Amino acid sequence: MKIEHLAIWVSDLEATRHFYEHYFGAVCGERYHNPNKNFTSHFLSFDEGSRLELMHKPEITKASDSTEEHLGFIHFALSVGSKEKVDAITEQLRTDGFQIPGEPRTTGDGYYESVIQDPEGNRIEITI
């Protein structure tokens, strides 16, 4: 058994798609649109592992505060292969104006990671 994909609601489908393509090498599948449900989505694939589905529906609104801890889904991790890549991508995201809630570090359980926020405020751990 494996996780096939994760899905997140986004307010700006194309900007969020571009973010994952640009910084993490995601490959975007064909855009899906259902006019009856006013729903649009893209599936993003990475070199290996699960896919990410970005979904947009205008009536879905943003959570009041994405910086507060809460029950439920809180982050997912993208493995980039090395400490140097974790550091480089984190620094590039900082330079490009993205939030970095967690600086690169080795955690107590041995992960080397940083925590960044995508354009929608979703937390992403960048790991080796």
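In the nomenclature of an unreviewed UniProt entry, the protein chain is known as VOC family protein of Zobellia barbeyronii.

Novice: Hey, could you run me through the overall build of the protein chain in this one?
Specialist: Counting secondary structure elements, the protein chain contains two helices and nine strands. Taken from N to C terminus, the helices and strands of the protein chain fall in the order β-α-β-β-β-β-β-α-β-β-β. On C-alpha atoms alone, the protein chain measures out to a radius of gyration of 15 Å, which is about the 14 Å that the 2.2 N^0.38 rule sets for 128 residues. If you line up the protein chain on its principal axes, its C-alpha atoms span 50 × 35 × 35 Å. Residues counted as buried form 36% of the 128 residues belonging to the protein chain. In the protein chain, of all internal contacts separated by at least 6 residues, the share reaching a separation of at least 24 is 52%. For the protein chain, the exposed surface amounts to about 8,000 Å²; the carbon and sulfur share of it is 51%. In the protein chain, 12 positive and 22 negative side-chain charges are present, and the distance between their average locations comes to 4 Å.

Novice: Whenever I open this one, the pattern of salt bridges confuses me. Can you help?
Specialist: Where side chains of opposite charge bring their charged atoms close, a pairing between them can arise. Applying the stated criterion across every chain, the model contains eight salt bridges. Between E14 and R17 there is a salt bridge, with the nearest N and O atoms lying 2.7 Å from each other. Here the residue E14 and the residue R17 both occupy positions in helix 1 (residues 13-24), the gap between them amounting to three residues, near one helical turn. Of the charged contacts in the structure, one is a salt bridge between E59 and K57, with a shortest N-O distance of 3.9 Å. A relative accessible area of 22% means that K57 is categorised as partly exposed. Taken together, the salt bridges that share partners define one network made up of E14, R17, E21 and R31.

Novice: Got a minute to help me understand the side chain of E53 in this structure?
Specialist: Secondary-structure assignment places E53 in strand 5 (residues 51-56). It turns out E53 is buried and unbridged, and the closest side chain with the opposite charge, R51, is 7.3 Å from it. One polar contact links E53 to H5, side chain to side chain, over a distance of 3.3 Å. If we skip the residues at most four places from it in the chain, E53 touches H5, L6, A7, I8, F39, S41, H42 and F43.

Novice: Explain a nonpolar patch on the surface here, please?
Specialist: A surface patch of nonpolar side chains, amounting to about 280 Å² of accessible area, comprises I3, L6 and F73. Tracing the backbone through its elements, the reader meets L6 in strand 1 (residues 5-9).

Novice: How should helix 2 (residues 83-95) be read in this particular structure?
Specialist: The periodicity of an α-helix, 3.6 residues per turn, causes residues three or four places apart in sequence to face the same way. Its 13 residues place the ends of helix 2 18 Å apart at the C-alpha level, agreeing with the 18 Å of an ideal helix rising 1.5 Å per residue. The complete set of buried residues in helix 2 reads V86, I89, T90 and L93. Taken around the axis of helix 2, the buried residues stretch over an arc of 100°, which confines them to a single face. Facing away from the buried side of helix 2 by more than 90 degrees, the exposed set consists of E84 and T95. Residues of helix 2 that are buried in the fold lie against helix 1, strand 7 (102-106), strand 8 (112-117) and strand 9 (123-127).

Novice: Quick question: what am I supposed to make of the environment of K37 here?
Specialist: In this fold, K37 is placed in the loop between strand 3 (32-34) and strand 4 (39-45). For the pair formed by K37 and D96, sequence separation is 59 residues and the distance between their alpha carbons is 35 Å. Once residues lying within four places of it in the same chain are set aside, the contact partners of K37 are K57 and E59.

Definitions and limits used
Along every chain, residues carry numbers that run from 1 in the direction the sequence is written. Two thresholds apply to this predicted model, a pLDDT of at least 70 for residue-level local features and 80 or more for giving and counting side-chain atom pairs, whereas whole-chain, interface and lining totals are computed over all residues. Values reported for side chains reflect all heavy atoms of the structure, with hydrogen atoms and water molecules removed beforehand. Put simply, DSSP H or I for four residues or longer makes a helix, DSSP E for two residues or longer makes a strand, and each gets a number counted from the N terminus. For the radius of gyration, the atoms used are the C-alpha atoms, and the globule rule reads 2.2 Å times the number of residues raised to 0.38. Each residue's exposure class comes from its accessible area (1.4 Å probe, protein chains only) as a fraction of the maximum for that residue type: buried when under 20%, exposed when over 50%, partly exposed otherwise. Working rule for contacts: check all heavy atoms of both residues, and any pair within 4.5 Å makes them a contact. Each accessible area is a Shrake-Rupley result for a 1.4 Å probe, and residues are judged covered by the shown protein chains and nothing else. We score Asp and Glu as negative and Lys and Arg as positive, and we do not count His or the chain ends. Each charge is placed at NZ for Lys, CZ for Arg, CG for Asp and CD for Glu. Here, a salt bridge means any side-chain nitrogen of Lys or Arg that lies within 4 Å of a carboxyl oxygen of Asp or Glu. Pairs of N or O atoms are called polar contacts if they sit within 3.5 Å, as long as, within protein, a hydrogen donor faces a hydrogen acceptor (for residues adjacent in sequence, only side-chain-to-side-chain pairs). Patches in this entry comprise residues that are over 30% relatively accessible and not in a salt bridge; like charges within 9 Å are linked, as are nonpolar side chains (Val, Leu, Ile, Met, Phe, Trp, Tyr) within 5 Å. The span expected for a helix works out to 1.5 Å for each residue beyond the first. Each C-beta atom gives one direction from the helix axis, and the arc is the one those directions make.

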